[in-house]
Amino acid sequence: MFIFLQRVFFFPLKARMKALLSTPKYWEMCQHEFTRPRNPHILSDVYDGTAWKSFMGECTYPNRRLGLLACGDGWPVFEANTLSLTPWMFQNLSLPPAARIKPKYILLYWLFDQGIKQEQQRKYFDFAASYELNDLYDNGIDGVKVKVFTATLDTKGREEVSGTFVCQ
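Residues numbered from 1 in each chain as written. Predicted model: local features only at pLDDT ≥ 70, side-chain atom pairs only at ≥ 80, totals over all residues. Heavy atoms only, no water.

## Some details on the nonpolar core
The line we're drawing: Residues grouped as a nonpolar core are buried Ala, Val, Leu, Ile, Met, Phe, Trp, Tyr and Cys residues, joined through side-chain atoms within 4.5 Å. Here the term buried applies to any residue with accessible area under 20% of the maximum for its type, exposed to any over 50%, and partly exposed to those in between, with areas from a 1.4 Å probe on protein chains only. Each helix is a run of H or I in the DSSP string that is no shorter than four residues. Each strand is a run of E no shorter than two, and both are numbered from the N terminus.
Counting residues in each nonpolar core, the largest one holds 27 residues, and the members touching the most others are Leu13, Met17, Tyr26 and Phe90. Among the secondary structure elements, those contributing two or more residues to this core are helix H1 (14-21), helix H2 (24-29), strand S2 (65-72), strand S4 (84-92), strand S5 (107-113) and helix H6 (118-138). Formed by 6 residues, the second largest nonpolar core is a distinct cluster that contains Tyr47, Trp52, Met56 and Phe149.

## With respect to the confidence of the model for the protein chain
Filter applied, for reference: Here pLDDT means the predictor's own confidence in every residue, given as a number from 0 to 100. In what follows, residue pairs with any heavy atoms lying within 4.5 Å of each other are defined as contacts.
Mean pLDDT over the protein chain stands at 87; residues scoring 70 or higher make up 88%. The secondary structure element of the protein chain with the lowest average pLDDT is helix H7 (residues 155-162), at 61, and the one with the highest is H2, at 98. The model gives residues 164-168 a pLDDT under 50, and that stretch makes 6 contacts with residues more than four places away or in other chains.

## Considering the pattern of salt bridges
Applicable threshold: Take a side-chain nitrogen of Lys or Arg and a carboxyl oxygen of Asp or Glu: if they are within 4 Å of each other, that pair is a salt bridge.
Applying the stated criterion to the full structure yields 5 salt bridges. Asp135 is the salt-bridge partner of Lys14, the closest N and O atoms lying 2.6 Å from each other. Of this pair, Lys14 sits in helix H1 while Asp135 sits in helix H6; the two residues are 121 residues apart in sequence, bridging distant segments of the chain. Take Asp135: its relative accessible area is 27%, and that puts it in the partly exposed class. Asp48 is paired through a salt bridge with Arg36; the nearest N and O atoms lie 2.5 Å apart. With Asp48 in the loop between helix H3 (32-35) and helix H4 (50-56) and Arg36 in the loop between H3 and H4, the pair connects residues that are 12 residues apart, well separated along the chain. As far as the burial class goes, Asp48 and Arg36 line up, both buried.

## Details of unusual backbone geometry
Residue Tyr61 is joined to Pro62 through a cis peptide bond whose omega torsion reads 0°. Look at Asn81: it is not a glycine, yet its phi comes out positive at around 60°. Examined against the element boundaries, Asn81 turns out to sit in the loop between strand S3 (75-76) and S4. In this structure Asn81 comes out as exposed when scored by relative accessible area, which is 53%. A positive phi angle, near 50°, is found at Asp142, a position not held by glycine.

## A look at H1
Heads up, the condition is: It is the directions from the helix axis to the C-beta atoms that the arc portrays.
Within the sequence span of H1, burial applies to Met17, Leu20 and Leu21. Projection of H1 onto a plane perpendicular to its axis shows the buried side chains occupying an angular sector of 95°, all on one side. Where H1 is buried, its residues touch H2, S2, S5 and strand S6 (145-152).

## Let's talk about the environment of Arg7
By the element assignment, Arg7 lies in the segment before strand S1 (8-10). Separated by 105 residues in the primary sequence, Arg7 and Phe112 place their C-alpha atoms 5.7 Å from one another. If we skip the residues at most four places from it in the chain, Arg7 touches Leu83, Leu111, Phe112, Asp113 and Ile116.

## Considerations on the packing of aromatic side chains
The condition is simple: Pairs were defined over the aromatic rings of Phe, Tyr and Trp, the Trp ring being its six-membered one, requiring ring centres within 6.5 Å. Orientation was assigned from the angle between planes: stacked under 30 degrees, edge-to-face over 60, tilted for the rest. Counted as over-ring charges are cases with an Arg CZ or a Lys NZ within 6 Å of the ring centre that also lie within 35 degrees of the ring normal.
Considering all chains together, one arrives at 18 aromatic pairs under this definition. Here Trp110 and Tyr124 contribute two aromatic rings whose centre-to-centre distance is 6.5 Å and whose plane-to-plane angle is 75°, an arrangement assigned as edge-to-face. Note that Trp110 is positioned in strand S5 and Tyr124 in helix H6, a separation of 14 residues in sequence. For the pair shown, Trp110 and Tyr124 are each scored as buried. The rings of Phe10, Trp88, Phe90, Tyr109, Trp110, Phe112, Tyr124, Phe125, Phe127 and Tyr131 are connected pair by pair, giving a single aromatic cluster. The positively charged end of Lys147 is found above the aromatic ring belonging to Phe55, 5.4 Å away from the centroid.

See below:
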């Protein structure tokens, strides 16, 4: 009998988001969508797009909803290419653009062995949704709803996550 162990490291989001939102500087940065300079004739940030407005709803002060961008991509851990890992992270799009990409504000969600194939990956996405993402969407943290607005993936990643063949 052959047994294949799947290695997945899961880093729950809710407790870390709660800690960040209780930090005055971080909370102030989450008000960026409302306080930023804007021109109604220029699409200058994700907030100006129709998809954001439709999914996220009206912006208020203080901000009562945060939009996250999910991103995952595999990379070889060793030069010998004997192990590849896929980290999944969230970027808070409700922060100002320069802060969104700072490592201290990027939220690692899970790290799994790239040997886990697409049909097996789906169970981890389903787990994450049922464990906390649905609750963050429906109830939020202290009245602030947290929504996964979108995900960014390369062609191979989209193929793996969606389970469909993508022509290159």
